[in-house]
Each structure stands twice: as C-alpha cells, then as structure tokens.
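Coordinates in review
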Amino acid sequence: MGIATDIIFIIVASFFCGLLFQKLKQPLILGYIVAGIILGPHASGLITNLHDIELLSEIGIALLLFALGLEFSLKDLKPVKNIALYGTPIQILLTILFGFGIGQVLGWDWKPSLWLGALISLSSTMVLLKTLMNQGWMGTLSSKVMIGMLIVQDLAVVPMMIILPQLNNPAVGIPALGFAAVKAAVFIAAMILLGTKLLPKLMTFIARLESRELFLLAITAIGLGIGYLTHAVGLSFAFGAFVAGMVLSESDFGHQALSDIIPLRDMFGLLFFTSVGMLLDPGFLVEHLWQILLLVLAVSLGKGLIFSLLAFLFRYRNVIPLAVGFGLFQVGEFSLVLGKIGLSTESISPELYSMVLTISIISMVFTPILSGQTNRLYSLRRRTHKQEKLETCNLPGTGLQNHVVLAGGGRIGFQVAQVLERVGQSFVIIEFDHYRVEEAQQAGMAVVYGDASRETVLEAAALSQASMLIITLPDIMVAKSIISHARHVKPKIHVVARTSCQSDFEILKKLGVSDVVLPEFEASLELMRQSLRQLRIEPTEIQRYTDSVRQDLYQQWYSDNVLHRTLSQLRSAEEHFDLQWFRVPENSPIINQSIGDLHIRKHTGASVVGIVRNNTLIPNPDVSFVFQEDDLIAIIGNDETRMAFCMMASTGSCNNPLLEQNDESK
C-alpha cells in the first residue's frame with residue numbers, strides 16, 4: 001500500500017504514544033515525536049521512505065502557521081505589551097548571540113553557529129500552556145508575561161524563515177534579503193488590500209450555502225493556496241499561510257475558521273512531529289551523550305537567565321522573573337519547524353538538526369519538573385511566600401460580602417450574572433477565557449481572571465465571605481475540583497452546579513451540591529413545549545407532561561426533599577393561575593396581622609395560596625395565619641388585584657415588591 005501503510009502506522013503509533021504521554025501529563029507532541037523515533041529508520045525501520053512523509057509534513061507546517069495567524073490578536077499583548085513587543089526581540093537577539101558563542105566555543109563555522117542561536121531562541125507554546133494549566137498558574141501576572149512573549153516569538157518565526165536561508169550565499173545575501181523583504185512587504189500589503197475585501201465576500205458566499213464541508217474546504221484552500229502562491233514567487237510557503245490566516249482572522253468568520261481548521265491542523269501536525277522523530281538517531285544520542293547533556297544544561301541556564309533578567313529589567317518583581325526563567329528555558333516546536341526548513345534548504349547539516357532536536361525533546365520533558373520548583377526556590381528567599389495577585393476587575397473597594405461567586409462567565413454564566421445584576425445581588429465572576437473576562441469587564445461586572453478549580457483563585461473571589469457558589473462549567477472533573485477547594489475555603493457554602501449528564505447526579509450529591517441543573521434537558525423541554533403548542537395541544541396537557549418529565553428526571557436528586565416537591569407543584573401552578581410572590585418588607589402594615597383580620601380577599605381580590613417562612617413552605621394557610629417580616633407570600637390574581645395587595649402590604653410606594661423572577665428561597 002506504500003504511503004497509505006506508512007500513514008496507518010504513524011496514526012496508530014501516535015495514538016498509543018500520545019495516550020501514554022497524556023497519562024504522564026506531558027504534551028502530546030512529545031508522544032508523536034517518540035512514535036516517529038520508534039517507526040523511523042534508526043529504530044524499527046517500519047518506515048524508510050521519509051521523503052513522502054516529509055512532503056505531507058510541509059502541509060502540517062503551513063496549517064500550524066495558518067492557525068497561528070487565525071489566533072493572532074493584538075488584544076492578547078495589551079496587558080504585557082512592553083515586555084512582549086520590546087523585550088522579546090531583545091531576548092531573541094541575546095539568545096542568538098549566546099548560541100553563536102556556544103557554536104564558536106565548539107569550533108563550528110559562523111553559519112551553523114548562527115543557526116544554532118536562532119533555533120534555541122524559540123520556546124514552546126504548547127509545553128508552557130500545558131504546564132501552566134496543570135500547575136494552576138493561568139491568570140497570574142507571570143503567566144501573562146510568558147504568553148505575551150511566546151506570541152511574539154511565534155511571530156518571529158516568519159521573518160526567520162525568510163532571512164536565514166539567504167545566508168547560504170553571503171555574497172548575494174544582503175541584496176537577496178532586501179529583495180525578499182520587499183517582496184514580503186508587497187505581498188502583505190496586497191493581502192491586506194485585496195484579502196480584506198475579497199475574502200469576506202467569498203466566505204459570506206460559502207457560508208450562505210450552509211455546507212460545513214464546503215466551508216472547511218474553502219478555508220483550507222485559502223490557507224494552502226495562498227501559501228503556494230508565496231512559494232511560487234520565491235517566499236516561504238508557511239509565510240503565505242500565516243498571512244492568509246492573519247487576514248482571515250479579521251473577518252466575521254475568523255473564529256469559525258479556526259474552530260474548523262484545528263482538527264485538520266492537528267492531523268497534519270501529527271505527521272510533522274512524527275517526521276521530526278524519524279530524523280532522531282538514538283545512536284547519535286548515545287554517541288554524543290555528554291556533549292548533548294552539556295548543551296542542554298548550557299542552553300537551559302543561558303535562556304533562563306536571559307528571560308529572568310529581562311523580566312527584572314522591565315520592572316517585574318517578586319516571583320515573576322524566576323517563573324519566566326523556569327517556564328521558557330526550553331527549545332520549542334517552532335524551532336523544529338525552522339530547523340526542517342534549514343535542513344530542506346541545506347542550510348544546516350543533519351547532525352546539527354539532530355543535536356537541536358534532541359536538546360528540544362529533553363528540555364520539553366524537563367519543563368514541568370523545573371517549573372514546578374519555582375515556588376519552592378522562591379520561598380528560600382522569602383520564608384513566607386505569598387501567591388501572586390490575580391488580575392481582578394471592578395471589585396468593590398469596600399470588599400465583597402454575602403455575594404454570589406460565579407465559576408464560569410460563558411454564555412450561561414453571563415446570563416446568570418445579568419439576572420443577578422438586575423435584582424441587585426452582588427456577585428463576582430471567575431473566568432479563564434480572557435475574551436470573556438473583557439466582556440464582563442466592559443459590562444462593569446466584578447471578575448477574577450483565573451482557573452476556578454484553584455484555591456488561590458477562589459480566595460481572590462472572596463469565597464469565604466460569599467453566600468452562594470454557582471458552577472456554570474459543564475465538565476464534571478472541573479466541577480469536582482472547584483467544589484473540593486470551595487469546601488476547604490468555606491465548608492458550608494451553598495452550591496448550585498450545572499452538569500451535562502444525568503449520571504453525574506450521584507457524584508454531585510455526594511459532594512454536597514444543593515441544586516443541580518441540566519441545561520440541555522431544560523432546552524429539550526422548551527423545544528418540546530413549543531412544538532406541542534404548534535400541534536394545537538392544550539396548554540394544560542403540555543404543562544402536565546413537562547412537569548411529569550422534569551419530576552422523573554430530578555426525582556433521585558430531590559426524592560428526600562418535601563419542600564422541593566411542594567414548591568415544584570407551586571411552580572406548576574404558576575402556569576395556570578398566574579401566581580406571583582411578595583416578600584413582606586420591614587415595617588409592613590400587615591406584620592403581626594392575620595389573614596382573617598386583613599380581609600385580603602374582600603379588600604384586594606387577591607388570594608394567598610402559600611407562605612415560605614424560614615425555608616419552610618406553609619401551603620394554603622388558614623385565616624388565623626399571622627404574617628411576619630420577611631415572609632414570602634404566594635398570591636393569585638390579576639394585575640389589578642395583585643397591585644392592590646402590594647399597596648396594602650407595602651410601607652410606601654409599590655416599586656418592586658412583586659418578585660417576577662423565582663426567588664432563591666423558592
């Protein structure tokens with residue numbers, strides 16, 4: 001079967017190696033590289049024709065850069081723009097000089113020394129993000145510094161791809177480089193002028209056809225087609241794909257394009273990383289073991305010191321310089337992309353590429369281990385180590401008290417926050433997605449940027465002073481982690497959780513969750529309700545059926561809760577009797593008065609059908625029942641009779657005593 005057999009071997013081996021590295025909490029790309037080593041000519045020899053695989057991996061490189069262009073946003077650099085935009089180029093230049101010096105000490109020529117410096121100047125975005133998430137550092141200032149610098153590093157790959165191959169012929173290098181720079185500038189200008197006008201129209205036309213397959217094919221054709229166009233005029237194939245992605249990201253279809261291209265990028269990226277592994281010779285590693293280990297040590301120390309020094313010079317203090325140094329010392333995946341281009345243009349030797357590849361793999365493996373020692377080393381200088389202050393927005397200066405903590409500010413969380421804001425309930429959102437944080441910030445909502453499953457983030461949201469925790473995140477493992485840490489901060493916190501699976505009920509119940517909601521189930525009920533209305537089914541029949549389905553689902557959750565069952569029946573009654581709730585305010589005229597003494601039915605026309613007092617429901621109270629402050633009264637009647645009751649029971653104007661939303665006590 002030829003290449004088809006090779007691809008089958010690659011996918012199967014990559015799956016098992018990726019699964020192993022996932023269990024070891026290592027990035028999947030390391031598993032792919034190991035799969036390539038196993039299949040390659042230097043180990044099992046199952047794949048010997050590397051040329052065809054390398055041709056396919058070129059598509060993987062282009063799609064990696066295309067997706068990078070789609071993801072690129074200057075908004076990500078705003079919080080740390082100075083060190084990202086100015087510090088990162090300095091770091092790259094210093095690391096290139098450092099690598100050049102290493103090459104000269106080893107007796108290499110100037111060109112491989114320069115390539116070595118360029119290859120080790122780039123760090124790993126994939127490895128760092130995985131490490132930060134595992135360690136719960138996302139949302140801290142040091143993580144934002146590192147991510148900002150990585151974005152600029154990734155962008156620096158593009159000019160390196162243009163500049164470094166021109167060093168093959170120094171005599172014409174400067175004119176050729178200048179000509180390449182002019183061609184690149186003309187190409188970018190043309191893409192901005194034509195792409196911003198033509199691409200949105202083309203994508204609008206494709207979107208109107210409502211074909212997911214055609215949409216995916218269109219964005220792939222744009223990325224690879226424009227990449228080939230740049231290759232045809234003498235520029236980098238990957239460079240054209242990156243510019244295409246960057247232009248497309250500014251259209252209305254940027255997010256959808258990125259969402260659709262990621263699976264394709266990952267599959268071809270798998271071919272790229274396995275082809276990288278096939279080039280690694282274990283015999284070369286054994287033969288040059290001490291030299292490689294010394295290079296790993298030198299590169300790690302040198303890069304780490306450069307990053308730490310720059311963070312300090314840009315006025316970042318405390319643990320940040322140490323965290324940045326221990327987080328970005330490794331050699332990254334785009335170094336392998338750049339190295340493959342150097343290998344294909346015969347700019348570097350296979351020995352140098354194998355050396356850099358080995359250094360990259362070893363440094364990636366050690367990143368989570370060394371980064372995890374940051375706090376421990378920092379505590380040697382300060383015995384009492386305090387966690388970094390998380391980014392917060394719009395928190396009241398007087399602090400938070402009796403507020404609601406919303407874990408998750410996505411679509412559901414944001415809607416809950418809007419309702420809480422409408423009823424005057426203070427709250428704070430914890431959100432991991434920076435775009436969601438900006439959305440909440442612009443809406444004037446209190447928000448903490450971080451991972452809600454980390455105790456330090458919950459403390460930043462003042463959970464110990466909160467009255468309720470609402471978890472809008474659907475992942476049960478994340479919810480378990482949040483609840484576990486929340487119980488440690490405040491053991492008796494009232495928790496309302498969302499889940500996407502009924503089988504999670506028992507897990508959440510054991511964790512002490514007070515209430516649980518299945519949004520997909522509620523949406524299905526509403527779809528069913530609307531459909532039955534169109535089928536001319538009687539409203540009472542529709543309501544009876546939906547109530548029955550809901551009670552069957554939630555029965556295992558509330559089977560021992562009489563109050564909930566009774567309240568469910570009252571909520572059902574609302575559909576038929578237009579029931580509304582009224583909370584007795586302070587100094588109300590009806591306090592210490594009975595229903596019979598007030599003659600409510602006679603004077604207002606409204607009927608009292610239920611009272612909630614101290615979280616206990618009293619259905620159908622008799623005429624001797626005496627009202628108290630803060631009673632929650634369920635009344636039935638039309639607008640006029642309800643307003644008459646409101647005027648009777650209020651201390652002054654009847655602005656908003658009728659609770660149109662279901663009250664939390666219900």
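1. Some points on the overall build of the protein
In terms of regular secondary structure, the protein is built from 28 helices and twelve strands. Contacts spanning at least 24 positions in sequence make up 72% of the contacts within the protein whose residues lie at least 6 apart.

2. Digging into the nonpolar core
Burial of nonpolar side chains together is a common tendency in soluble globular proteins. Of all hydrophobic cores here, the largest spans 94 residues; its most connected members are Ile10, Leu65, Met161, Ile261 and Phe272. If one sorts the elements of this core by residue count, helix H3 (residues 50-71) sits on top with eleven residues. Apart from the residues within four sequence positions on either side, Leu65 is in contact with Val158, Met161, Ala238, Ala241, Phe242 and Phe334. Counting 32 residues, the second largest nonpolar core, distinct from the first, contains Ala462, Leu463, Val495 and Leu518.

3. Here's the deal with the pattern of salt bridges
Under the defined criterion, the tally for this structure stands at five salt bridges. Across the salt bridge formed by Arg529 and Glu526, the nearest N and O atoms sit 2.4 Å from each other. Residue Arg529 and its partner Glu526 are both found in helix H23 (residues 519-534); the two are separated by three residues, about one turn of the helix. The class for Arg529 is buried, based on a relative accessible area of 18%. Taking relative accessible area as the criterion, Glu526 reaches 33% and is therefore assigned partly exposed.

4. A word on helix H10 (residues 237-249)
Between the first and last C-alpha of H10 there are 19 Å, a value that for 13 residues agrees with the 18 Å anticipated at 1.5 Å per step. With twelve of 13 residues buried, H10 is to be regarded as a mostly interior element. Inspection of H10 places Phe237, Ala238, Phe239, Gly240, Ala241, Phe242, Val243, Ala244, Gly245, Val247, Leu248 and Ser249 among the buried residues, and these make up the whole buried set.

5. As for the confidence of the model for the protein
Mean pLDDT over the protein stands at 81; residues scoring 70 or higher make up 87%. By mean pLDDT, strand S12 (residues 658-659) is the weakest element of the protein at 46, and helix H13 (residues 289-313) is the strongest at 94. Within the model, pLDDT remains below 50 along residues 656-666, and this stretch shows 28 contacts once partners closer than five positions in the same chain are excluded.

6. Regarding a nonpolar patch on the surface
On the surface, Ile8, Val12, Phe15, Phe16 and Leu19 cluster together into a nonpolar patch covering about 490 Å² of accessible area. Relative to the helices and strands, Val12 is located in helix H1 (residues 3-23). Exposure remark for Val12: the relative accessible area of 42% places this residue in the partly exposed category.

7. Describing the packing of H3 against H10
Packed helices, taken two at a time, are described by their axes: the angle between them and the distance between them. At their nearest, the axes of H3 and H10 sit 7 Å apart, and the two run at 30 degrees to each other. Considered as vectors, H3 and H10 are oriented roughly parallel to each other. The crossing of H3 and H10 is right-handed. Residue-level inspection shows Glu58, Ile61, Ala62, Leu65, Phe66, Leu68, Gly69 and Leu70 of H3 in contact with H10, the latter providing Phe237, Ala238, Ala241, Phe242, Ala244, Gly245, Met246, Leu248 and Ser249. For the contact of H3 with H10, the per-class residue count stands at 13 nonpolar, three polar and one charged.

8. What about the pairing of strand S2 (residues 404-407)?
Of the two faces of S2, the one carrying Val404 and Leu406 and the one carrying Val405 and Ala407 are both buried. Sheet topology note: the S2/strand S3 (residues 427-431) ladder contains four bridges and is parallel. Looking across to S3, one finds that Leu406 is bridged to Ile429. Bridge count between S2 and strand S5 (residues 468-471): four bridges; the pairing is parallel. Along S5, the bridge assignment pairs Ala407 with Ile471.

9. So, the sheet that holds S3
In space, the seven strands of this open sheet follow the order S1-S4-S3-S2-S5-S6-S7, with mixed pairing throughout. What marks the edges here is a single partner per strand, and that holds for strand S1 (392-393) and strand S7 (515-517). Across the sheet, helix H21 (residues 476-489) touches S2, S5 and strand S6 (494-498), and the angle it forms with S5 is around 170 degrees.

10. With respect to the packing of H1 against helix H11 (residues 254-278)
Packing of H1 against H11 brings their axes to within 10 Å, and their N-to-C directions diverge by 90 degrees. Regarding the angle of H1 to H11, the classification is roughly perpendicular. Along the contact surface, H1 presents Ile10, Ile11 and Ser14, while H11 presents Met267, Leu270, Leu271, Thr274 and Met278. Residues belonging to the contact of H1 with H11 are distributed by class as follows: six nonpolar, two polar and no charged.

Definitions and cut-offs
- Residues numbered from 1 in each chain as written.
- Predicted model: local features only at pLDDT ≥ 70, side-chain atom pairs only at ≥ 80, totals over all residues.
- Heavy atoms only, no water.
- Helix = DSSP H or I, 4+ residues; strand = E, 2+ residues; numbered from the N terminus.
- Contact = heavy atoms within 4.5 Å.
- Core = buried A, V, L, I, M, F, W, Y, C linked by side-chain atoms within 4.5 Å.
- Buried < 20%, exposed > 50% of the residue type's maximum accessible area, 1.4 Å probe, protein only.
- Salt bridge = Lys/Arg side-chain N within 4 Å of Asp/Glu carboxyl O.
- Expected span 1.5 Å × (residues − 1).
- pLDDT = per-residue confidence, 0-100.
- Patch = residues over 30% accessible without salt bridge, like charges linked within 9 Å, V, L, I, M, F, W, Y side chains within 5 Å.
- Areas by Shrake-Rupley, 256 points an atom, 1.4 Å probe, with all protein chains shown as cover.
- Axes fitted to C-alpha atoms, helices over the stretch in contact; angles between N-to-C directions.
- Parallel < 35°, antiparallel > 145°, perpendicular 65-115°, else oblique.
- Left-handed = near helix turned anticlockwise from the far one by under 90°.
- Nonpolar A, V, L, I, M, F, W, Y, C, P; charged D, E, K, R; others polar.
- Pairing = 2+ DSSP bridges.

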